[in-house]
Amino acid sequence: KQEVTQIPAALSVPEGENLVLNCSFTDSAIYNLQWFRQDPGKGLTSLLLIQSSQREQTSGRLNASLDKSSGRSTLYIAASQPGDSATYLCAVMGHFGNEKLTFGTGTRLTIIP
Amino acid sequence: DTGVSQNPRHKITKRGQNVTFRCDPISEHNRLYWYRQTLGQGPEFLTYFQNEAQLEKSRLLSDRFSAERPKGSFSTLEIQRTEQGDSAMYLCASSLPWTGGGYTFGSGTRLTVV
């Protein structure tokens, strides 16, 4: 059974700092990995999607990396802003026949102005 | 198309009542998923459809839960005889199958059972 772990559970950093969020998964037989953002009481917004054959994806100040063999992904946020405050979730999708997302419990990020 | 739409946004119900939620996916997406998220946890898979066919159901989906997707468009999730443990955010998502594309989630329906 796939298990996804995110560390740390919560993180507070001053505005302007760069930061890294971590995600690990137990079964490396994934189809893709997706990072989401969730604001309090809201749904999920997709940030980055990395296919299993890719090593990283970038969007603006966000960069996600994937090391499938070691079961790890990181989300790097550059020059953090107060608007980045949210919960960040990573999720992995299995291969054909197991096509659902398995989520971690998230990292709650607070950017201090 | 403005994305995945879920209604209602919030639902408060008394224990023992039945509730029904609706999800309208992105029109060209033939895959539709339901997830449940409790406070402080990540979303957990409940069930998914390809067109009108329900392809998988989680063991979390007890006999009190039923999901349908008639005509392969919108979907409904019904919970019968609600219990306090059913209080959660119910999230719907849609996608295209096996194109490598990700999920698009709706804003969710927050259920509170009192």
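Going by the structure above, here's the rest.
Everything numeric here is computed off the predicted structure, so don't read it as measured data.

Calculation criteria
Residues numbered from 1 in each chain as written. Chains lettered and ligands numbered in written order. Predicted model: local features only at pLDDT ≥ 70, side-chain atom pairs only at ≥ 80, totals over all residues. Heavy atoms only, no water. Helix = DSSP H or I, 4+ residues; strand = E, 2+ residues; numbered from the N terminus. Rg over C-alpha atoms; globule rule 2.2 N^0.38 Å. Salt bridge = Lys/Arg side-chain N within 4 Å of Asp/Glu carboxyl O. Buried < 20%, exposed > 50% of the residue type's maximum accessible area, 1.4 Å probe, protein only. Pairing = 2+ DSSP bridges. Axes fitted to C-alpha atoms, helices over the stretch in contact; angles between N-to-C directions. Contact = heavy atoms within 4.5 Å. Polar contact = N/O pair within 3.5 Å; in protein donor to acceptor, adjacent residues only side chain to side chain. Nonpolar A, V, L, I, M, F, W, Y, C, P; charged D, E, K, R; others polar.

**Student:** Whenever I open this one, the overall build of chain B confuses me. Can you help?
**Tutor:** Within chain B one finds zero helices and 11 strands. Counting from the amino terminus, chain B carries its helices and strands in the arrangement β-β-β-β-β-β-β-β-β-β-β. Here the C-alpha atoms of chain B give a radius of gyration of 13 Å, agreeing with the 13 Å that 2.2 N^0.38 yields for 114 residues. Its C-alpha atoms put chain B at 40 × 25 × 25 Å along the principal axes.

**Student:** Is there a simple way to think about the pattern of salt bridges in this case?
**Tutor:** In a structure, side chains of opposite charge can pair up when their charged atoms sit close to one another. Summed over all chains, the structure comprises six salt bridges over all chains. Here Arg37 of chain A and Asp39 of chain A are joined by a salt bridge, their closest N and O atoms 3.0 Å apart. Residue Arg37 of chain A is classed as buried on the basis of its relative accessible area, which comes to 17%. Take Asp39 of chain A: its relative accessible area is 26%, and that puts it in the partly exposed class. Residue Glu83 of chain B is joined to Arg64 of chain B by a salt bridge in which the shortest nitrogen-to-oxygen separation is 3.4 Å. A residue pair is termed long-range when its members are at least 10 positions apart, and Glu83 of chain B in the loop between strand 8 (75-79) and strand 9 (88-95) and Arg64 of chain B in the loop between strand 6 (53-57) and strand 7 (65-68) qualify at 19 residues. On the basis of relative accessible area, Arg64 of chain B is assigned to the buried category, the value being 11%. Taken together, the salt bridges that share partners define one network made up of Arg64, Glu83 and Asp86 of chain B.

**Student:** Can you walk me through the sheet that holds strand 3 (residues 19-25) of chain A in this structure?
**Tutor:** In any sheet, the strands associate via hydrogen bonds between backbone groups, in a parallel or an antiparallel arrangement. Residue and element names in this part refer to chain A. In space, the five strands of this open sheet follow the order 1-3-8-7-6, with antiparallel pairing throughout. Where the open sheet ends on each side, the last strands, each with one partner, are strand 1 (4-7) and strand 6 (56-59). Within this sheet the neighbouring strands show an average axis-to-axis angle of 15°, counted without direction.

**Student:** Teacher, can you tell me more about the sheet that holds strand 3 (residues 19-24) of chain B here?
**Tutor:** Residues and elements named next belong to chain B. Within the open sheet, the four strands sit side by side as 1-3-8-7. Their pairing is antiparallel. Two strands in the sheet have a free side with no partner beyond their single neighbour: strand 1 (5-7) and strand 7. Each adjacent strand pair in this sheet contributes to an overall mean axis angle of 15°, direction not counted. Where strand 7 and strand 8 come together, four bridges link them in antiparallel fashion. Residue Glu68 lies in a different strand from strand 8, and its bridge partner there is Thr76.

**Student:** Any chance you could explain unusual backbone geometry here in plain terms?
**Tutor:** Backbone phi values are negative for most residues with the exception of glycine, while trans is the configuration of most peptide bonds. In this model, Ile7 of chain A is joined to Pro8 of chain A through a cis peptide bond whose omega is 0°. Inspection of the secondary structure puts Pro8 of chain A in the loop between strand 1 and strand 2 (10-14). Cis peptide bonds are those with omega within 30 degrees of zero, and the linkage from Asn7 of chain B to Pro8 of chain B qualifies with -10°. Relative to the assigned elements, Pro8 of chain B resides in the loop between strand 1 and strand 2 (10-13). The residue Ala79 of chain A is not glycine, and still its phi comes out positive at about 50°. Position of Ala79 of chain A relative to the elements: it lies in the loop between strand 8 (72-77) and strand 9 (86-94).

**Student:** Just checking my understanding: could you explain the interface of chain B and chain A for this structure?
**Tutor:** The extent of an interface is frequently quoted as the accessible surface area lost upon association of the parts. With 23 residues of chain B at the contact, the number on the chain A side is 24 residues. At the boundary of chain B with chain A, the tally comes to one salt bridge. We note a salt bridge from Glu56 of chain B to Lys100 of chain A, for which the minimum N-O separation is 3.0 Å. At the boundary of chain B and chain A, one finds six residue pairs in polar contact (both at pLDDT 80 or more). Elements with a contribution of two residues or more to the side of chain B that touches chain A: strand 4 (31-37), strand 5 (44-50) and strand 9 of chain B. Considered class by class, the residues forming the side of chain B that touches chain A number 10 nonpolar, nine polar and four charged.

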